[in-house]
Each structure stands twice: as structure tokens, then as C-alpha cells.
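# Commentary on secondary and tertiary structure
Next come the chains, spelled out residue by residue.
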Amino acid sequence: MRLISIRKCRPGDTLARSIYTETGMVLVGAGVELTDRMLTRLKAKNITSLYIQDKRTDDIFIEGVISEETRREAMSIIHETFSAVNEFPQKWQQIFSDRSFGRQLRQIMAAVADEMKGCRSAMNLMADACAFDNYIFTHSFNVALYSSALAMKSGFSEKEIMEIGIGGMLHDIGKMNVPDEILKKPGRLTQEEFELMKKHTEIGFELLRRQDEIPLLAAHCAYQHHERWDGSGYPRQLKAEEIHPYARLMAVADVFDALTTHRIYREPMLPHEAMEVLYSGADRLFDQKYVLALRDTIALYPLGLSVTLNSGEAGVVVDANQGLPSRPIIRILADENGNQLDEPYEYDLSKRLHLMIVACDELV
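Attention here is on the structure that accompanies the text. These numbers were taken from a predicted model, which means no experiment stands behind them. (Residues numbered from 1 in each chain as written. Predicted model: local features only at pLDDT ≥ 70, side-chain atom pairs only at ≥ 80, totals over all residues. Heavy atoms only, no water.)

## A look at the nonpolar core
Worth spelling out the cut-off: Residues enter a nonpolar core if they are buried and are Ala, Val, Leu, Ile, Met, Phe, Trp, Tyr or Cys, with the set joined through side-chain atoms within 4.5 Å. Type-normalised accessible area, obtained with a 1.4 Å probe on protein chains alone, sets the label of each residue: buried when under 20%, exposed when over 50%, and partly exposed for intermediate values. Secondary structure elements follow DSSP: runs of H or I no shorter than four residues count as helices, runs of E no shorter than two count as strands, and numbering proceeds from the N terminus. The contact rule is simple, with two residues in contact once any of their heavy atoms fall within 4.5 Å.
Counting 92 residues, the largest nonpolar core has Met-123, Leu-145, Met-169, Phe-256 and Leu-278 as its most contacted members. At 10 residues, helix H5 (residues 135-153) tops the list of elements feeding residues into this core. In this structure, Leu-145 is in contact with Val-65, Ile-66, Val-112, Met-116 and Met-123, ignoring residues within four places of it in sequence. Counting 14 residues, the second-largest nonpolar core is a separate cluster that includes Ile-6, Leu-39, Leu-42 and Leu-50.

This is the structure in C-alpha cells:
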């Protein structure tokens, strides 16, 4: 299978991996032949890249981080909870005090953690495309996933991983009280609009902190995930160790997902590009140890991505090297003159240090 921009997809291409809705249901299943109408609909749903079947790379196997069932349950809980807070703000206390709600959160995060422990490969962030109308729903799920992975990589206990995962799911709950015209504004926010946007951290904290079914430290994730290492964040301008470790970890996951997801005002970055942004802020905006933990957790170059090497040869990423995320295994499909090869061959960049990736296919 190959990972390509939806703009390069053509009617007749066969989808290699399913596409999900923001509630976790399958929107278009693997094996479906794409039509012009489908592609138009997917573009409208903020899908920027797809995995399609390709004979030269049909042996590439991509391991999903979690199962389709667990994804569906997690996305459904997020969608129902955030929608309820948005539609019935006067009943938020009732929503969060329901014991079955707290039990649901713990069960789904336990399932996520168990499945992630069994996943031996680096997280391939492009593996499961998700169509969305409301960015907050998919963002909350992704932050819960990345934060849980970071917590595992960083040696947190099972209880702490659970609290961090729940904190990730609910970290942006306060945005349900921010007007849509601000949340979905395509241009730069005015200072007044930005001040309103910043309130979501305090609103989220107040929504969560008094609820017995929500861990108090999960509420602090909502409160502190925009604090920054140098004190330049909000709402309290906390610095370095003053920021709770959960929130320092979540800040990295939150920014990384924001950078790699389509937004109304910006196209998504590839994982290695987003990591460069995080590197530039390490020990200035972010706790460096969590930036490095993320680097070692994800596949910087997604499987199936087309790349060009400094030798001029071009090919596709077919595997990642654990511990060496910037040195994947590449199947060469074209020589330095652009001629397609009858017999492709592979380079393990961890063993051929004179070779490096100099260009990637755009996925927007």
C-alpha cells in the first residue's frame, strides 16, 4: 500500500485502510474502489491523505495502535460527552457525577493502554484516517492516545497512565463554552478573541475538579496543558517544575497533534516536520524529556510514504527502526534518473549512514 495525498487519488483507486468518522464508525472501508463523488466528500471532511493499494508495495503491513472496536468506543464517549456539555451546559454536573460515566472512562482507557502495550512497532500516525466536522473530538482522542504512549515510554505507573489518558480525553472540554465563531475562525484571532479562547483552561478545570468520578489530576491536565517551560504559557504563567508532570507531557502531545492535523487555517505537517518544531522549543517551551520520548514513540516517516534520498534514488518507507526514528528502511522504486526499476531493492538507513532522506511527498 502507498500513502498519498488525496489530491493525487483518482477514481478507481482502491482504499487500503479504512477511514473513520469522528464518532469512530467506519466511513469508507478498506477494499472499496474510490469514486469521484467519494473523493469530493472526503476532502470536505478534512481528509488530506489516504492509503491506497499498490502492487509494488502490497506487502507493507501497518499495525494499528488500537483495535477498531476500542477506537469506536473511545470516540463515541468523547463525542457524546462534549456534545452534552455543549448542548446542556446547565447539566454538566449531572453528566460528570454519573458513576457509569466514570466507569466508562476507566474501562476504555484500560483497553487503550492494554492494546498499546501489545503494539511493538512505533506509532504510525497516518495509519487511521479520521474524517471530522469538529476538530475538538478527534483532537481529544489523539491527545489521549499520544499522552498514554508518552506516559508508558516515560515509566509512569498504570494508575498514572489511566489518569493521564482521561486527562487527555477531557483536556479541551472547556472549549465547549467558547463561541464557534472563535473556535472555527480561519484567520488570526484578535487579542480579545484570544483572551476568550484562553479561558477554556479555567472553564475545563472548573467543570472537572469537583467531580468524584474524574481524577483531580485529570482536571489539572485541562488547567495546565497550555503552560510553558519558560513561563510564557497560560493561565497562570507557571514555569518548569511548577507545572505538573502530566501537563508538561500533555503539552507536547497537544501541540504535536495540532501540528499534524488539518486545521481550518493551516495544512497539516508530516510527523518529522512537527518534531522539528518541538525540538526548537525543547527546554524553552516544553520539557525536553517528553519531546525526546515522543520522538522515540512515533514513526517519524509513516509507512508507505514516498521519499527521495540524497543519492537521487526514490522509493517508499517500508519499515521503521526502533530507537532510530529518522533512519527507516526504504524500498527503492526509481533510480537517480527517475527510471522505474523492474527489480526494486531496499536500503536500511540505519546501516547506510551516507544516505539520508532529502524530500517527501506532500500529503496535502
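Alright, that's what it looks like, and here's the rest.
## Considerations on the layout of surface pockets
It is the rolling of a water-molecule-sized probe over the atoms that shows where space remains empty. Stated formally: A 1.4 Å probe that fits but cannot get out identifies a cavity on a 1 Å grid over protein atoms alone, an open set with protein on both sides within 12 Å along at least five of seven lines counts as a pocket, and a residue lines either if it has an atom within 4 Å of a point. Grid points are joined across faces, edges and corners, and a volume is the space filled by probe spheres set on the points. Each residue gets one label: Ala, Val, Leu, Ile, Met, Phe, Trp, Tyr, Cys and Pro are nonpolar, Asp, Glu, Lys and Arg are charged, and the others, such as Gly, are polar.
Estimated volume of the largest pocket: approximately 1200 Å³. Every residue lining the largest pocket is counted, 40 residues in all, and those nearest its centre are Tyr-135, Lys-175, Met-197, Arg-263 and Tyr-265. A breakdown of the residues in the lining of the largest pocket according to their chemical character gives 17 nonpolar, 12 polar and 11 charged. The calculated volume of the second largest pocket comes to roughly 710 Å³. Contributing to the lining of the second largest pocket are 41 residues, with Ser-49, Leu-125, Met-126, Thr-260 and Thr-261 lying nearest its centre. Mapped onto the lining of the second largest pocket, the elements with two or more residues apiece are strand S4 (49-52), strand S5 (129-130), H5, helix H10 (245-260) and helix H11 (271-281). Of the residues contributing to the lining of the second largest pocket, the split by class is 23 nonpolar, 11 polar and 7 charged.

## Side note on the environment of Ser-97
Inspection of the secondary structure assignment puts Ser-97 in helix H3 (residues 92-97). For Ser-97, a relative accessible area of 41% translates into the label partly exposed. Between the C-alpha atom of Ser-97 and that of Glu-213, which follows or precedes it by 116 residues, the distance is 6.1 Å. In this structure, Ser-97 is in contact with Gln-211 and Glu-213, ignoring residues within four places of it in sequence.

## So, H10
To keep things clear, this is the line we draw: A helix is expected to reach a length of 1.5 Å times the quantity of its residues less one.
For H10, built from 16 residues, the straight-helix expectation of 22 Å at 1.5 Å per residue is met to within 8% by its first-to-last C-alpha distance of 23 Å. Here H10 lies mainly inside the structure; 15 of its 16 residues are buried.

## Considerations on the environment of Arg-210
Here is the rule: Side-chain atoms alone can form a polar contact between residues adjacent in sequence; in general such a contact is a pair of N or O atoms within 3.5 Å, and within protein one must be able to donate a hydrogen while the other accepts it.
Of note, Arg-210 is situated in the loop between helix H8 (191-208) and helix H9 (216-224). The sequence separation of Arg-210 and Ser-97 amounts to 113 residues, and the corresponding C-alpha distance is 9.0 Å. A distance of 3.4 Å separates the side chain of Arg-210 from the side chain of Glu-206, its partner in a polar contact.

## Structural notes on unusual backbone geometry
In this structure, the amide linkage connecting Tyr-234 to the following residue, Pro-235, adopts the cis form with an omega of 15°. By the secondary structure assignment, Pro-235 is in the loop between H9 and H10. With phi around 70°, Asn-46 is a residue other than glycine that occupies positive phi space. For Asn-46, the location among the structural elements is in the loop between helix H1 (36-44) and S4. Its relative accessible area of 21% is what places Asn-46 among the partly exposed residues.

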